[in-house]
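Next come the chains, spelled out residue by residue.
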Amino acid sequence: MKNIVLFGPPGAGKGTQADLLKIKYDLIHISTGDVFRFNIKNETELGILAKSYMDNGALVPDQVTIDMLKAEVNNNPEAKGFIFDGFPRTESQAVSLDEFLTQKNTSISGMVALEVPENLLVERLLNRGKTSGRSDDQDESKIRNRFNEYETKTAILKDYYQKQHKYFGVDGVGSIEEITAKLEEVIDTL
Ligand code: AMP
């Protein structure tokens with residue numbers, strides 16, 4: 001199984017690239033942000049809970065997110081592998097993911113990280129906010145809060161996967177096609 005963690009700060013291009021990579025490698029793409037947004041739209045219990053955090057650009061609590069992620073994986077028993085997009089975002093999520101995959105006799109093949117400077121990220125997010133309808137992309141203070149969550153809770157995951165020799169950084173500046181090609185170079189070796 002190929003299990004990829006597609007990593008990077010908000011606006012790095014994870015969703016765009018995951019949509020292309022899932023086709024090329026025949027993997028199931030799980031975006032925790034998309035699953036939360038689906039639940040918000042459908043006003044489920046999970047959606048109502050997640051909304052209060054997402055509206056502020058804060059992370060949804062770990063246990064809720066981990067349980068949701070496990071359910072998504074379990075719903076795809078025939079998968080050849082997964083692209084995890086937006087998960088894990090904390091060390092506790094990363095540990096839970098490792099334990100969960102070990103129970104399934106599989107593991108993370110690698111974390112592939114899109115590296116993009118912050119000024120470009122803000123510009124991309126505000127641009128996306130004009131068309132995505134995402135309120136967390138339209139307000140610079142919410143964007144700043146998401147970066148703050150990323151810096152304080154998520155960025156350390158680079159170390160977590162580096163210790164396992166599974167971290168691969170890719171320059172996330174350039175055209176979509178150029179970046180896809182760089183990601184594929186890495187993923188082909190995993
Ligand atoms: P994204 O679509 O990945 O930018 O995520 C949008 C929002 O969903 C985040 O700002 C969080 O509020 C929430 N979210 C998505 N994934 C996670 C996660 N792994 N842990 C906690 N919150 C998450």
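It should be emphasised that the depicted structure is a prediction, and the values quoted were computed from it without experimental measurement.

Can you help me understand the overall build of the protein chain in this one?
A tally of regular secondary structure across the protein chain gives nine helices and five strands. Along the protein chain, helices (α) and strands (β) appear in the sequence β-α-β-α-α-α-β-α-β-α-α-α-β-α when read from the amino end. Taking the principal axes of its C-alpha atoms as reference, the protein chain extends roughly 40 × 40 × 30 Å. Among the 190 residues that make up the protein chain, the fraction classed as buried is 46%. Sequence separation of 24 or more characterises 73% of the internal contacts of the protein chain that already satisfy a separation of 6 or more. Total accessible area on the protein chain stands at roughly 9,600 Å², and carbon and sulfur atoms take up 50% of it. Averaged over its 23 positive side-chain charges, the protein chain has a centre that lies 1 Å from the centre of its 30 negative ones.

Would you explain the sheet that holds strand β2 (residues 28-31) in this entry?
In a beta sheet, neighbouring strands pair by backbone hydrogen bonds and run either parallel or antiparallel. Taken together, five strands build an open sheet; the order of strands is β2-β3-β1-β4-β5 and the sheet is parallel. Across the chains shown, the open sheet's two edge strands, defined by having one partner strand only, are β2 and β5 (167-171). On average, adjacent strands in this sheet sit at an angle of 20° to one another, irrespective of strand direction. When strand β4 (residues 110-115) meets β5, the two strands line up parallel, connected through five bridges. Bridging from a neighbouring strand, Leu114 pairs with Val170 of β5. Strand contacts of helix α1 (residues 14-25): β1 (2-7), β2, β3 (81-85) and β4, with the helix running at about 175° to β3, the strand carrying the most contacts.

Can you help me understand the packing of aromatic side chains in this one?
Here a ring pair, both rings aromatic, is described through the centre-centre distance and the interplanar angle of the planes. Using the criterion set out here, one finds three aromatic pairs in the structure. Plain terms: the ring middles of Phe82 and Phe84 are 5.7 Å apart, the flat faces sit at 15° to each other, and that makes the pair stacked. Judged by its relative accessible area of 0%, Phe84 falls in the buried class.

What is the right way to read the nonpolar core from this model?
Side chains that are nonpolar tend, in soluble globular proteins, to be buried together. Among the nonpolar cores identified, the biggest contains 22 residues, and Val5, Phe84, Leu97 and Tyr161 are the most heavily contacted of them. Looking at this core, the elements that each hand over two or more residues are β1, α4 (62-74), β3, α5 (91-103), β4 and α8 (157-163). Of all the elements, α5 adds the most residues to this core, at four residues. Contacts of Phe84, omitting those with residues within four sequence positions, involve Asn3, Ile4, Val5, Leu6, Ile30, Leu69, Val73, Leu97 and Ile108.

What counts and what doesn't
- Residues numbered from 1 in each chain as written.
- Predicted model: local features only at pLDDT ≥ 70, side-chain atom pairs only at ≥ 80, totals over all residues.
- Heavy atoms only, no water.
- Helix = DSSP H or I, 4+ residues; strand = E, 2+ residues; numbered from the N terminus.
- Buried < 20%, exposed > 50% of the residue type's maximum accessible area, 1.4 Å probe, protein only.
- Contact = heavy atoms within 4.5 Å.
- Areas by Shrake-Rupley, 256 points an atom, 1.4 Å probe, with all protein chains shown as cover.
- Lys, Arg positive; Asp, Glu negative; His and termini not counted.
- Charge placed at Lys NZ, Arg CZ, Asp CG, Glu CD.
- Pairing = 2+ DSSP bridges.
- Axes fitted to C-alpha atoms, helices over the stretch in contact; angles between N-to-C directions.
- Phe/Tyr/Trp six-rings, centres within 6.5 Å; stacked < 30°, edge-to-face > 60°.
- Core = buried A, V, L, I, M, F, W, Y, C linked by side-chain atoms within 4.5 Å.

Distances and angles like these do not, on their own, reveal function.
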